[in-house]
Amino acid sequence: MKELVEVIAKALVDHPDEVVVTEKENGRSVIIELHVAPADMGKVIGKQGRIAKAIRSVVKAASSKDNKHVDVEIV
């Protein structure tokens, strides 16, 4: 999942070298933290959070095969 979020984020931002994705696992739940440059924050979130919701939806669909709950946090 970490790689999926990283690929999506790097495609959206102007500074792909500043994208950092970390993954924390707690049993069946996984928290993926996405760090981007402050100038790129709006591009990752989108108007009314549409891009962020889309990223979360894609990750949720991809994680359903593993029977894990994955949460994406944009920091």
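Look a little higher up for the structure.
What comes next is a walk through the structure.

How each quantity is defined
Residues numbered from 1 in each chain as written. Predicted model: local features only at pLDDT ≥ 70, side-chain atom pairs only at ≥ 80, totals over all residues. Heavy atoms only, no water. Pairing = 2+ DSSP bridges. Helix = DSSP H or I, 4+ residues; strand = E, 2+ residues; numbered from the N terminus. Axes fitted to C-alpha atoms, helices over the stretch in contact; angles between N-to-C directions. Buried < 20%, exposed > 50% of the residue type's maximum accessible area, 1.4 Å probe, protein only. Contact = heavy atoms within 4.5 Å. Core = buried A, V, L, I, M, F, W, Y, C linked by side-chain atoms within 4.5 Å. Salt bridge = Lys/Arg side-chain N within 4 Å of Asp/Glu carboxyl O.

### Concerning the sheet that holds strand β1 (residues 20-26)
- Pairing within the open sheet is mixed, and its 3 strands lie in the order β1-β2-β3. If you trace the sheet from one side to the other, it starts and ends with β1 and β3 (69-74), each paired once. Neighbour-to-neighbour, the strand axes of the sheet open up by a mean angle of 20°, direction not taken into account.
- Here strand β2 (residues 29-35) pairs with β3 via 6 bridges, running parallel. When the sheet's bridge partners are listed, Ile 31 is paired in β3 with Asp 71.

### Topic: the environment of Asn 67
- Here Asn 67 is to be found in the loop between α3 (50-63) and β3.
- Exposure remark for Asn 67: the relative accessible area of 55% places this residue in the exposed category.
- Between the C-alpha atoms of Asn 67 and Lys 2, which are 65 residues apart in sequence, the distance is 16 Å.

### With respect to the environment of Leu 34
- As for its position among the elements, Leu 34 is in strand β2.
- Taking the C-alpha atoms as reference points, Leu 34 and Glu 6, 28 residues apart in sequence, are found 7.9 Å from one another.
- If near-sequence neighbours (up to four positions away) are discounted, Leu 34 is found in contact with Val 5, Ala 9, Val 19, Val 20, Val 21, Val 44, Glu 73, Ile 74 and Val 75.

### Considerations on the environment of Lys 10
- Checked against the element boundaries, Lys 10 lands in helix α1 (residues 2-12).
- The contact partners of Lys 10, leaving out residues within four places of it in the chain, are Pro 16 and Val 19.

### Section: the nonpolar core
- Formed by 14 residues in total, the largest nonpolar core has its most connected members in Val 5, Val 19 and Leu 34.
- When contributions to this core are tallied by element, the ones reaching two or more residues are α1, β2, α3 and β3.
- The greatest single-element share of this core, amounting to 3 residues, is contributed by β2.

### Remarks on the pattern of salt bridges
- One pass over the full model with this rule turns up 4 salt bridges.
- Residues Asp 14 and Lys 43 are paired through a salt bridge, measuring 2.4 Å at the closest nitrogen-oxygen approach. Here Lys 43 lies in helix α2 (residues 41-45) and Asp 14 lies in the loop between α1 and β1, a separation of 29 residues in the sequence.
- Across the pair Lys 68 and Glu 25 runs a salt bridge whose closest N-O atoms are separated by 2.6 Å. You can see Lys 68 sitting in the loop between α3 and β3 and its partner Glu 25 sitting in strand β1, a full 43 residues away along the chain.

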